[in-house]
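Listed here are the chains, written in short residue letters.
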Amino acid sequence: MTTDIQTMNKALIAPVRAAMYDFGMDRLKAALAAVSAPDAVFHLCFPFGDSIGAEAFCDNAYSGLLDAWPDLERRDYIVMAGPDEAGAEWVGCGGYYTGRFEAPWLDIPPTGPETHMRFHEFFRIENGKIVEFQALWDIPEVMMQAGAWPLAPSLGREWNVPGPATCDGIVPGPYDMEKGTASRQHIVDMLEHMKRHPSQGGPEVMEMDRFWHEKMSWYGPSGIGTGRGIRGFRNWHQIPFLNGMPDRGQYVDEIDYHFFGDGNYAAVTGWPDMIQTVTHGGWMGIAPAGKKITMRSLDFWRIENGRIRENWVLVDLLDAYDQLGVDVFARLREFNKVRNMGRLNIPDGMS
């Protein structure tokens with residue numbers, strides 16, 4: 001019987017994940033309350049905000065979504081665990097929610113057919129209880145599927161991002177501390193090199209060929225999109241990002257992030273874990289405000305033969321827009337004034 005804490009922590013949240021596969025609100029509340037501290041803090045992306053306790057979180061996060069997607073279903077393709085640099089224990093899950101989009105949700109008009117929304121969700125566990133939760137949902141992805149995205153088009157590819165090519169993202173126990181630590185360190189070293197540019201030299205100082213596979217896939221959030229290979233990553237994400245926010249990576253004393261590894265996988269979570277200033281030519285069609293903003297970027301990496309082959313990235317873009325004074329939901333409502341905002345009546349096809 002496996003008794004390492006990381007494997008036990010993955011087993012701890014398994015009933016919560018199961019309650020979201022065949023979704024039932026009462027079942028979910030009971031499963032989550034059973035494994036959560038009463039004062040557990042649940043951080044969820046904009047516009048949801050924070051909740052205290054399992055019941056409040058379920059009502060805040062899922063009531064509206066379950067009404068809009070009545071056959072709501074959760075599908076995980078990454079479940080991993082490990083200690084961060086300070087020894088705190090985390091479980092990270094990546095996957096997507098899916099279901100028929102039958103009624104408005106967050107003022108996004110319903111579509112009828114099946115819709116998907118990617119998630120990255122992280123649980124910090126102490127003494128067998130969830131004490132903190134950090135999560136991003138790719139809400140812009142839902143807007144795009146509804147034909148309702150009201151802002152600049154993505155530079156990268158927009159699609160239903162796949163799970164790991166190796167189909168091994170549900171990492172089994174027992175936990176291998178040496179391998180998990182090595183995976184975590186590979187990512188930390190890579191990011192240290194990334195931050196050298198542009199303040200310490202040109203793109204060569206990042207040594208990307210050393211850390212990244214030539215066939216890498218960088219699965220960015222909707223609004224940025226996917227970049228294939230180092231060239232795709234540079235052109236469709238990194239260059240626009242650095243052109244608009246060249247001071248990224250310079251405020252590490254003001255942020256909080258947690259790296260951990262499990263087998264060939266590594267992850268980072270932080271609330272927030274980036275700070276930078278939107279200047280120069282702006283970013284994603286947003287004019288340069290000259291304003292320092294925080295960002296939440298929750299990521300997974302898969303390492304293959306010593307280099308990163310896949311990187312799943314979610315960023316709370318709606319929160320970044322909000323800090324810059326762009327009300328995405330107000331623009332959404334303006335763009336969709338004449339759309340059907342009632343519940344759809346989908347025939348059963350029997351008559």
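Quick note: structure is the one above.
In every chain, residue numbers begin from 1 and rise along the written sequence. Selection of residues for local features in this predicted model requires a pLDDT of at least 70, selection of side-chain atom pairs for listing and counting requires 80 or more, and totals for whole chains, interfaces and linings are taken over all residues. Calculated side-chain values reflect all of the structure's heavy atoms, with hydrogen atoms and water omitted.

Visitor: An account of the overall build of the protein chain is requested, with residue identities and associated values reported.
Guide: We count a stretch as a helix when DSSP gives it H or I for four or more residues in a row; a strand needs E for two or more, and each element gets its number in order from the N terminus. Within the protein chain, the regular secondary structure consists of nine helices and 14 strands. Radius of gyration here uses only the C-alpha atoms, and the compact-globule reference equals 2.2 Å multiplied by the residue count raised to the power 0.38. A compact globule built from 351 residues should have a C-alpha radius of gyration of about 20 Å, and the protein chain, at 20 Å, falls within 12% of that. Dimensions of the protein chain, computed from the C-alpha atoms along their principal axes, are close to 65 × 55 × 40 Å. Looking at the 351 residues of the protein chain, the share that counts as buried comes to 56%. Within the protein chain, contacts between residues at least 6 apart in sequence are counted, and of these 67% link residues at least 24 apart. Element-wise, carbon and sulfur atoms account for 52% of the exposed surface of the protein chain, whose accessible area totals about 14900 Å². Each residue's exposure class comes from its accessible area (1.4 Å probe, protein chains only) as a fraction of the maximum for that residue type: buried when under 20%, exposed when over 50%, partly exposed otherwise. Any two residues whose heavy atoms approach within 4.5 Å are treated as being in contact. To measure how exposed things are, a 1.4 Å probe is used in the Shrake-Rupley method; for residues, cover is taken only from the protein chains shown.

Visitor: So what's going on with the sheet that holds strand 10 (residues 265–269)? Which residues, and what values?
Guide: With mixed pairing, the six strands of this open sheet are ordered in space as 8-7-14-13-10-9. Every other strand in the sheet has two partners, leaving strand 8 (226–228) and strand 9 (258–262) as the edge strands with one partner each. The sheet shows a mean angle of 15° between the axes of neighbouring strands, direction not considered. DSSP calls a pair of strands paired once it identifies at least 2 bridges connecting them. Axis lines are fitted to C-alpha atoms, over the contacting stretch for helices. Their N-to-C directions set the angle, which ranges from 0 to 180 degrees.

Visitor: Just give me the short version of empty space enclosed by the protein, but keep the residues and values in it.
Guide: In this analysis, the protein atoms alone were mapped onto a 1 Å grid. Cavities are point sets where a 1.4 Å probe fits without being able to get out; pockets are open sets with protein on both sides within 12 Å along at least five of seven lines; lining residues have an atom within 4 Å of a point. Grid points are joined across faces, edges and corners, and a volume is the space filled by probe spheres set on the points. As enumerated under the stated definition, the model contains two cavities of 30 Å³ or more in all. What the largest cavity holds in volume is close to 70 Å³. Taken together, Cys-45, Phe-46, Trp-137, Asp-138, Ile-139, Pro-140, Pro-221, Ser-222, Val-315, Asp-316, Leu-317 and Leu-318 form the lining of the largest cavity. Only helix 4 (139–145) and helix 8 (317–323) provide two or more residues apiece to the lining of the largest cavity.

Visitor: How would you sum up the pattern of salt bridges? Please name residues and give values.
Guide: In what follows, salt bridge is the name for a side-chain nitrogen of Lys or Arg lying within 4 Å of a carboxyl oxygen of Asp or Glu. The tally for this structure, following the rule as stated, stands at 21 salt bridges. Of the charged contacts, one joins Arg-100 and Asp-71 as a salt bridge, the two residues approaching to 3.2 Å between their closest N and O atoms. Of this pair, Arg-100 sits in strand 4 (residues 89–100) while Asp-71 sits in the loop between helix 3 (54–68) and strand 3 (73–83), and the two are 29 residues apart along the sequence. Judged by relative accessible area, Arg-100 falls into the partly exposed class, the value being 35%. The closest approach of N and O atoms between Arg-307 and Glu-214, which form a salt bridge, is 2.7 Å. In this pair, Arg-307 is assigned in strand 14 (residues 307–315) and Glu-214 in strand 7 (residues 212–219), connecting sequence segments 93 residues apart. Here the salt bridges do not stand alone but share partners, grouping Arg-17, Arg-74, Asp-76 and Glu-121 into one network.

Visitor: Go over the packing of helix 1 (residues 5–21) against helix 2 (residues 25–34) with me, naming the residues and quoting the values.
Guide: Running from N to C, helix 1 and helix 2 point in directions that differ by 170°, and their axes come no closer than 8 Å. With respect to their mutual orientation, helix 1 and helix 2 come out roughly antiparallel. Within the contact between the two elements, helix 1 uses Pro-15, Val-16, Ala-18, Ala-19 and Met-20 and helix 2 uses Arg-27, Leu-28, Ala-31 and Leu-32. Each residue receives one of three labels: charged for Asp, Glu, Lys and Arg, nonpolar for Ala, Val, Leu, Ile, Met, Phe, Trp, Tyr, Cys and Pro, and polar for the others, Gly being one of them. Taken together, the residues of the contact of helix 1 with helix 2 break down into eight nonpolar, no polar and one charged. Any angle between 65 and 115 degrees counts as roughly perpendicular, while under 35 counts as roughly parallel, over 145 as roughly antiparallel, and the rest as oblique.

Visitor: Residues and numbers for helix 3, please.
Guide: An expected span of 1.5 Å times one less than the residue number is assigned to each helix. Along its 15 residues, helix 3 runs 21 Å from first to last C-alpha, staying within 8% of the 21 Å computed at 1.5 Å per residue. Of all the bends in helix 3, the largest measures some 45° and sits at Tyr-62. Within the span of helix 3, buried status applies to Ala-54, Phe-57, Cys-58, Ala-61, Tyr-62, Leu-65, Leu-66 and Ala-68. The angle between axes fitted to the seven-residue stretch ending at a residue and the seven-residue stretch beginning at it gives the bend at that residue.

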